[in-house]
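# Fold and contact review
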Amino acid sequence: MSNSVPKEEGLDHSLNLLREGYLYILNRRQSFHSDVFETRLLGKKAICMGGKEAADIFYDNSKFKRQGVAPNRVAETLFGKNGVQSLDGDAHKHRKEMFMSIMTPKRLEKLNEIVAKEWEMALYKWQRMDEIELYEETLEIMCRTACEWAGVPVEEKDMKKLAHDLRAMFESATAIGPAHWAGRHARNQVEKWMGNIIDEVRGGKLNPEEGTALYTFAWHHDLEGNLLDTKIASVEVINILRPIVAISVYINFSALAVHHYPEEREKLKSGDRKIAQMFVQEVRRFYPFFPFAAAEVKEDFTWKDYTFEKGTLTLLDLYGTNHDINIWGNPEVFQPSRFENWDGSPFSFIPQGGGDYYLGHRCAGEWVTIEIMKVSLDFLVNKMTYDIPEQDLSYSKVSIPSLPKSNFIIKNVQRL
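Structural notes, computed from the coordinates. What you are looking at is a predicted structure, and each value in this text was computed from that prediction instead of being measured.

Let's shift gears to the nonpolar core. Of all hydrophobic cores here, the largest spans 90 residues; its most connected members are Trp126 and Ile240. Take this core: its biggest share by element is 18 residues, from helix α11 (residues 230-260). The next biggest cluster of nonpolar side chains, apart from the first, holds 21 residues, and it includes Val5, Met49, Ala293 and Tyr306.

Encoded structure:
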């Protein structure tokens, strides 16, 4: 079978990936006029692909595996070692069911109550401040929300530090030098702290509410009937806290979209839940969040006349698929109404991964993200007024994660 896909010439393109960030794969898909191409990353052959069909293949568990794929620098900061993202087969399915068991309507309703309470408390404080750096403030709102919802006890004096450490985990995965090492240090410190909490739960010194992540994960048994290793259990609880804190990125892009698209803001003032849902989905499609997902070819197979060889690193273009002109038409236009007739495909819209929640590697916390964003959006539009002073609201498609450069500064906050 002919390996007829384009091949990027050169010894290694890892630096190009860092330089181009979210656009690395999409740029080459467009220049090669191909949804799949071959390159070299980290000194080895790699395959990059994007689009709806590519996502469908990528999330086929018979063709790709995740175990041992994430670079050590990512495991040591973003994911933690031996977490659900690194599992395959029955072990992954069993662990994923643990995560999905806490995503019930009742628990999501509780989440919304907590988020609203934290926003109210923040507004009370902001009305007495001259200037608010929204990103910094929402990091703390999200950290408080995550801990209360997950059942994790945190003393008030430690909350800001915990928010800082959880932030460092997702901000440092692609960083180089001191910023990366700060992320590793933060990961080690939080895992040690969380491990002690897990031990207190199992020792009867701490009794979290049943149904919370802390309770569920502390008492979860693996396929052999054993409790999770304390370190792994701590990694998985952090895999609830860290992603919720990372929703701060989406909240700030929501604020940016509300500012840049006043006609959409007017629609949101109606309080219509469907309009809010479409707006949130368009924020998740339009703005950069995760650039790509990684896997490894499980066994040789052929797709589009190209042979995927066992063991080959493969990257799926998440950002580029969400900006694929063949799927979205005018993808660089912010247009929430495009979701009015969206077919709900698990492979065309993949800001937090694609495929099935239970059987695949789609983010278990996607519903959490959407709910938190909707509550936050309602506050930004309908429950507060504020001024936006002159500042640099541009954002990079190279920096990972990306944010408005000014961290979105607001002033003169008033509760409506």
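Before going further, it helps to spend a moment on the packing of helix α8 (residues 156-171) against α11. One way to put it is that α8 packs onto α11 with a least axis distance of 9 Å and a crossing angle of 85°. Taken together, the axes of α8 and α11 are roughly perpendicular relative to one another. Residues Ala163, Leu166, Arg167, Met169 and Phe170 of α8 lie in contact with α11, whose contacting residues are Ile238, Leu241, Arg242, Val245, Ala246 and Val249.

This next bit is on the pattern of salt bridges. Counted under the stated rule, the structure contains 38 salt bridges. Put simply, Asp317 and Arg29 hold a salt bridge, and the shortest N to O gap is 3.1 Å. Linking Asp317 in strand β8 (residues 313-317) with Arg29 in helix α2 (residues 24-32), this pair joins segments that are 288 residues apart in sequence. Residue classification places Arg29 among the buried positions, given a relative accessible area of 6%. A network of salt bridges, in which partner residues are shared, links Arg29, Asp35, Asp317 and Asp324.

This part covers helix α13 (residues 273-286). For α13, with 14 residues, the first-to-last C-alpha span of 20 Å sits near the 20 Å given by 1.5 Å per residue. Burial runs high along α13: 10 of the 14 residues are buried. Those residues of α13 lying buried are Ala276, Met278, Phe279, Val280, Gln281, Glu282, Val283, Arg284, Arg285 and Phe286. Looking at the buried residues of α13, the elements they touch are α11, α12 (262-268), α14 (318-322), α15 (325-328) and α16 (366-382).

Looking now at the side chain of Thr145. Relative to the helices and strands, Thr145 is located in helix α7 (residues 134-150). Given the relative accessible area of 0%, Thr145 is considered buried. One polar contact links the side chain of Thr145 to the main-chain carbonyl oxygen of Ile141, over a distance of 2.9 Å. Once residues lying within four places of it in the same chain are set aside, the contact partners of Thr145 are Leu111, Ile114, Val115 and Glu118.

As a further point, take the packing of aromatic side chains. For the structure shown, the criterion picks out 28 aromatic pairs. Taking the centre distance of 5.6 Å and the plane angle of 80° together, the rings of Phe64 and Phe301 count as edge-to-face. Here Phe64, found in strand β3 (residues 64-65), pairs with Phe301, found in strand β6 (residues 301-303); they are 237 residues apart in sequence, far enough to count as distant. Through a chain of ring-to-ring contacts, the aromatic side chains of Phe58, Tyr59, Phe64, Phe301, Trp303, Tyr306 and Phe308 assemble into a single cluster. Of note, Lys63 hangs over the ring of Phe301, and the distance from its end group to the ring centre comes to 5.6 Å.

To continue, consider a nonpolar patch on the surface. Together, Leu15, Leu18 and Ile176 line one region of the surface with nonpolar side chains, adding up to about 310 Å² of accessible area. By the element assignment, Leu15 lies in helix α1 (residues 14-20).

A few words on the sheet that holds strand β9 (residues 384-387). Pairing in this open sheet of 3 strands is antiparallel, and the strands run β4-β10-β9 from one edge to the other. In this open sheet, the two strands that pair with only one neighbour each are β4 (132-133) and β9.

Here we come to helix α4 (residues 72-79). Of all the residues in α4, the buried ones are Val74, Ala75, Glu76, Thr77 and Leu78. On its buried face, α4 sits against α8, α9 (178-202) and α11.

Residues Met384 and Tyr386 point to one face of β9 and are all buried, whereas Thr385 and Asp387, pointing to the other face, are not buried. Across 3 bridges, β9 lies against strand β10 (residues 409-415) in antiparallel orientation. Residue pairing across strands places Asp387 opposite Lys411, the latter belonging to β10.

Basis of the calculations
Residues numbered from 1 in each chain as written. Predicted model: local features only at pLDDT ≥ 70, side-chain atom pairs only at ≥ 80, totals over all residues. Heavy atoms only, no water. Core = buried A, V, L, I, M, F, W, Y, C linked by side-chain atoms within 4.5 Å. Buried < 20%, exposed > 50% of the residue type's maximum accessible area, 1.4 Å probe, protein only. Helix = DSSP H or I, 4+ residues; strand = E, 2+ residues; numbered from the N terminus. Axes fitted to C-alpha atoms, helices over the stretch in contact; angles between N-to-C directions. Parallel < 35°, antiparallel > 145°, perpendicular 65-115°, else oblique. Contact = heavy atoms within 4.5 Å. Salt bridge = Lys/Arg side-chain N within 4 Å of Asp/Glu carboxyl O. Expected span 1.5 Å × (residues − 1). Polar contact = N/O pair within 3.5 Å; in protein donor to acceptor, adjacent residues only side chain to side chain. Phe/Tyr/Trp six-rings, centres within 6.5 Å; stacked < 30°, edge-to-face > 60°. Lys NZ or Arg CZ within 6 Å of the ring centre and 35° of its normal. Patch = residues over 30% accessible without salt bridge, like charges linked within 9 Å, V, L, I, M, F, W, Y side chains within 5 Å. Areas by Shrake-Rupley, 256 points an atom, 1.4 Å probe, with all protein chains shown as cover. Pairing = 2+ DSSP bridges.

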